[in-house]
Amino acid sequence: MQPAKYWRDNKSWKNWIGKRGTVVVSTVVTVPPSAQNTFQPYSYAIVSFGGERYEFMGVGHELLIEGDQVECCLRKTSVSEDHEIIGYGIKVRKVT
Amino acid sequence: MNIHILGSATTSFGELWERSLMSLFAEAVEAALNDAKLEPADIEAAFIANKAAGSYENQHHLNALVSQLFPHFPPSVRVEGACASGSLAMIAAELALLSGRYKTVMVVGAEKMTDVSSQETTTILSGAADTSTEVGSTFPALYALLAKSHIKSYHTTREQLSAVAVKNHHHALSNPRAQFHKEISLEQVTKSQLISDPLRLLDCSPVSDGAAAVILSTQPVKGKTKLLGFGQAQDSVSLAGRSSLTSLRATKVAMDQALKDSGVSRDQLQAAEIHDCFTIAEILAIEDLGFFGPGEGGPATLEQRTTIGGKIVINPSGGLKGCGHPVGATGVKQIAFLNDYILRGDANVALAHNVGGSGATAVVHILGK
Amino acid sequence: MIFSKPVGIISYGTALPTQCILSSEIENARNQEHSGIPESLGVSQKTVPNIDEDTITLSTDAVRQALSRSSQDSNDVGAIFIGSESHPYAVKPSSTIVTEALNLPSTMSSADLQFACKAGTAAMQLCASYVAADIHRSCISVGADTAQSHPGDVLEFTAGAGAAAYILGKEKLLATLLATSSVLSDTPDFWRRPMQQHPEHAGRFSGEPGYFHHIETAAKNLLQEVGLQPNDIDYCIFHTPNTKFPQTVAKQLGFSHKQLEKSLIVNQIGNTYAAAALLALANVLDTATSHKKILLVSYGSGAGSDAFLFETTPLLVKARRTWTGFVSEQIAQLQPLSYQQYLANTQRH
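Residues numbered from 1 in each chain as written. Chains lettered and ligands numbered in written order. Predicted model: local features only at pLDDT ≥ 70, side-chain atom pairs only at ≥ 80, totals over all residues.

The next thing to look at is the pairing of strand 7 (residues 210-217) of chain B. Residues and elements named next belong to chain B. Counted residue by residue, strand 7 has 8 buried out of 8 residues, so it is predominantly covered. Residues Gly210, Ala212, Val214 and Leu216 of strand 7 are buried on one face, and the alternating residues Ala211, Ala213, Ile215 and Ser217, pointing to the opposite face, are buried as well. Alignment of strand 1 (residues 3-10) against strand 7, held across 6 bridges, turns out to be antiparallel. In the sheet register, glycine 7 faces strand 7, and the bridge partner there is isoleucine 215. (Buried ≥ 20, exposed ≤ 12 C-beta atoms within 10 Å, placed from the backbone. Helix = DSSP H or I, 4+ residues; strand = E, 2+ residues; numbered from the N terminus. Pairing = 2+ DSSP bridges.)

Structure, rendered in structure tokens:
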């Protein structure tokens, strides 16, 4: 991830962390793009926040299904080499 | 619209290790000129379709590279719209002809995808999604979400999805240019590697190299296929921004435009090359194009109503699934294939449907005698 | 140092990963079933960070919980210090990322701290000092780690992950900080050089000259300063590299098992390094009634100890009634992994 892009993106984290929504539909990615290589399998879902929909990865290998109540949190959203900055971003996890 | 197809050509599609991107362009250009019995100098302008040469091999400025395949360096432009690049290049050419600026132009699309690993291809193709709001998405994942939604709404079955792949592989057997010349069974599709549930490996179109070219003209000619009309529509790039997850609105709008533009009615259409990047994509398409009602696309496919002898032949070339999907070439290949199909007398009126991304861009062309 | 002005904990939060690995699973992977090692350490399982978790994400979760429980405006927070031995960057602070994620003030004092397992309590001391000196109204201290160990090393049974965050302030205290003191010495019992992925330890040398000497010294110094005896203390917390060490030092100092037992979550979460003493404190605070005295003594290899004397207030009992996510609840939700999954999760991503 490029530093300038990371810096633009991190401004939006505070708008998401802690926000809760409902999974509309979800799949499990087993063949990821290189930026998410080694994260597989991970859930990828459309989540409704009071009617507005957004797409997020699920945390870790957590399985998400339609109807799950989820909460936004800060996690690594891409893998990085030792010389790169760490790609943090927003993912969703099940609310327990 | 008074545009004729003077000639067309398609290279073989597949893992073409000996072929470079430019050699694919060159082959398609030369073969199309031969088919049309034209000289290079007859081409007044060239419209190039390619999605991702910049990513695959850091090659940009394709318009100039293709132009230099002609001794006279015709003006040329590259058009990109993800997997709809080919049909968007067609529209650019059509508008140039309709403006009166040119009388005879060439559209050529090509993609060279197999030099990199499949993971790199997954990464490159994922650039057709909204990379800021669809982080971590892949095209199988996005179409898997559409599949799951369709399954939930209409009880579309695993078998019905598999039937799309089986049919298109079967159709590909009679297409000498197709990537695959091998029948597959419902069971093979169902048991293939899980990519993004519920989509499996054999639900997905392959990674392919290939090129296709068509020569379009407003010159009056007899006995040639005519482009009767076209339509183009857009929608939200991200799935989250769509009004429906069980149909592609852009396809519906583009179809309505094309029908109106051409004056053709839906039931006159006898064949269609549609965008089956994934099996679910074909089911969505045949419903959105209005050939079958919502939820009926799966049963129609399983009941063989979309093959030869059925209501309408869908993807007689083998489609993206059976013929292959060199991304930039596909939209042009659809036109090239249907040109030959119509000239052979296999259909009088046919349709080409090409989609960009998960449905943000859709183009429909109607061709006929 | 005895505080003459009110200063103490105004809120706290904790974050554990949702996964763990059983010690028996590690034994099986080594073909060492019933090795006796987990029993001698007193650790039956440890937390395992997920593939996309690290010290920063766990710190963010812990601070967020602390903020959500706090009665005070986050705009009043004047400083944040995060102590860890697994900061994701050698150069680029964890604290700025947590600050950005949680929309904390951009005008805060801040630094990342390292002092092995006592980096979190060092952060707490700094925060208390800022508040006591009236420099800031409130400050956030965090102890967090995603500890690493060589496969096959004994530390593999204990190196866990977790985070604990404490907001220190001067008003509406849940627990008053009465006094704090520290000791340190150059004792090379446990270390990691910059390019190494896993730490090294000096075996039994880490015990007496390291852990026991520093904790006993710090505890005795503090109790002497405040004029208290072990039986004046309701809860004692000593750093938990395993269960045996705190049990031994408690006994040597004259504390009973009853005073210690609430702190021994190490059996279920492993050694969470810079978070360990602070997570143990959180577990005590999760159920303690008011006016209870808590002695906390951390230990960081290399070496040093921070000692604290807290007293709970009635406000703690009242505030807890609306809370969720207690340490015991997070422990109860831990899902065990296979050894293979554990290795996949703990490789560098």
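Having seen the structure, we can now continue with the description.
Here we come to the nonpolar core. Val107, Val108, Ala213 and Val332 of chain B are the most contacted members of the largest nonpolar core, which totals 260 residues. If you count residues domain by domain, this core takes at least three from each of domain 1 (8-174 + 318-346) and domain 2 (176-314) of chain C. (Core = buried A, V, L, I, M, F, W, Y, C linked by C-beta atoms within 7 Å. Domains from an automatic or database assignment.)

All names here are of chain B. With 16 residues, helix 1 (residues 21-36) extends 23 Å between its outermost C-alpha atoms, agreeing within 8% with the 22 Å of an ideal straight helix rising 1.5 Å per residue. Taken together, the buried positions of helix 1 are Leu21, Leu24, Phe25, Glu27, Ala28, Val29, Ala32, Leu33 and Ala36. Elements that come into contact with the buried residues of helix 1 comprise strand 1, helix 2 (53-57), helix 3 (62-67), strand 4 (104-111) and strand 7. One or two residues past the end of helix 1 sits lysine 37, with phi positive at roughly 55 degrees. (Expected span 1.5 Å × (residues − 1). Contact = placed C-beta atoms within 7 Å.)

Turning next to the sheet that holds strand 8 (residues 175-184) of chain C. Residue and element names in this part refer to chain C. An order of 5-4-6-7-1-8-13-12-11 is seen for the 9 strands of this open sheet, with the pairing classed as mixed. Pairing within the sheet leaves two strands with one partner each, and these edge strands are strand 5 (109-113) and strand 11 (235-238). Sheet twist, expressed as the mean angle between neighbouring strand axes with direction ignored, is 20 degrees. Bridge analysis of strand 4 (residues 77-83) against strand 5 gives 5 bridges, and the strand direction is parallel. Among the inter-strand pairings, glycine 83 is bridged to a residue of strand 5, identified as leucine 113. Each of strand 1 (8-15), strand 4, strand 6 (138-146) and strand 7 (161-169) touches helix 3 (residues 55-69); the most contacted strand, strand 1, lies at about 135 degrees to it. (Axes fitted to C-alpha atoms, helices over the stretch in contact; angles between N-to-C directions.)

What follows concerns the interface of chain A and chain B. At the interface, 21 residues of chain A touch 25 residues of chain B. Listing elements by their share of the side of chain A that touches chain B, those giving two or more residues are strand 1 (20-29), strand 2 (42-49) and strand 3 (52-57) of chain A. Here the residues of the side of chain A that touches chain B sort into 12 nonpolar, 7 polar and 2 charged. (Nonpolar A, V, L, I, M, F, W, Y, C, P; charged D, E, K, R; others polar.)

All right, on to the confidence of the model for chain C then. Per-residue confidence for chain C gives a mean pLDDT of 95; residues scoring 70 or more make up 99%. Predicted complex metrics record ipTM = 0.95 and pTM = 0.93. (pLDDT = per-residue confidence, 0-100.)

The next thing to look at is the interface of chain C and chain A. Each partner contributes to the interface: chain C provides 18 residues, whereas chain A provides 18 residues. Contributing elements (two or more residues each) for the side of chain C that touches chain A: helix 3 and helix 4 (94-101) of chain C. If you tally residues by element for the side of chain C that touches chain A, the top one is helix 3 of chain C, at 5 residues. In terms of residue class, the side of chain C that touches chain A is made up of 6 nonpolar, 6 polar and 6 charged.

Attention now goes to the pairing of strand 3 of chain A. Residue and element names in this part refer to chain A. With 6 bridges joining them, strand 2 and strand 3 adopt antiparallel strand pairing. Across the sheet, tyrosine 44 pairs through a bridge with methionine 57, a residue of strand 3. Between strand 2 and strand 3, which pair antiparallel in sequence order, lie 2 residues; one of them, glycine 50, sits at a positive phi of approximately 60 degrees.

Residue and element names in this part refer to chain C. In terms of domains, chain C is made up of domain 1 (8-174 + 318-346) and domain 2 (176-314). Each of domain 1 and domain 2 was reduced to a C-alpha centroid, and the two centroids are 16 Å apart. Across the boundary between the two partners, domain 1 contributes 49 residues, which contact 43 residues of domain 2. Elements represented by at least two residues in the side of domain 1 that touches domain 2 include exactly strand 1, helix 2 (37-41), strand 3 (45-48), helix 5 (119-132), strand 6, strand 7 and helix 12 (327-332). Element by element, the count of residues in the side of domain 1 that touches domain 2 is highest for helix 5, at 6 residues. Grouping the amino acids of the side of domain 1 that touches domain 2 by side-chain chemistry returns 24 nonpolar, 20 polar and 5 charged.

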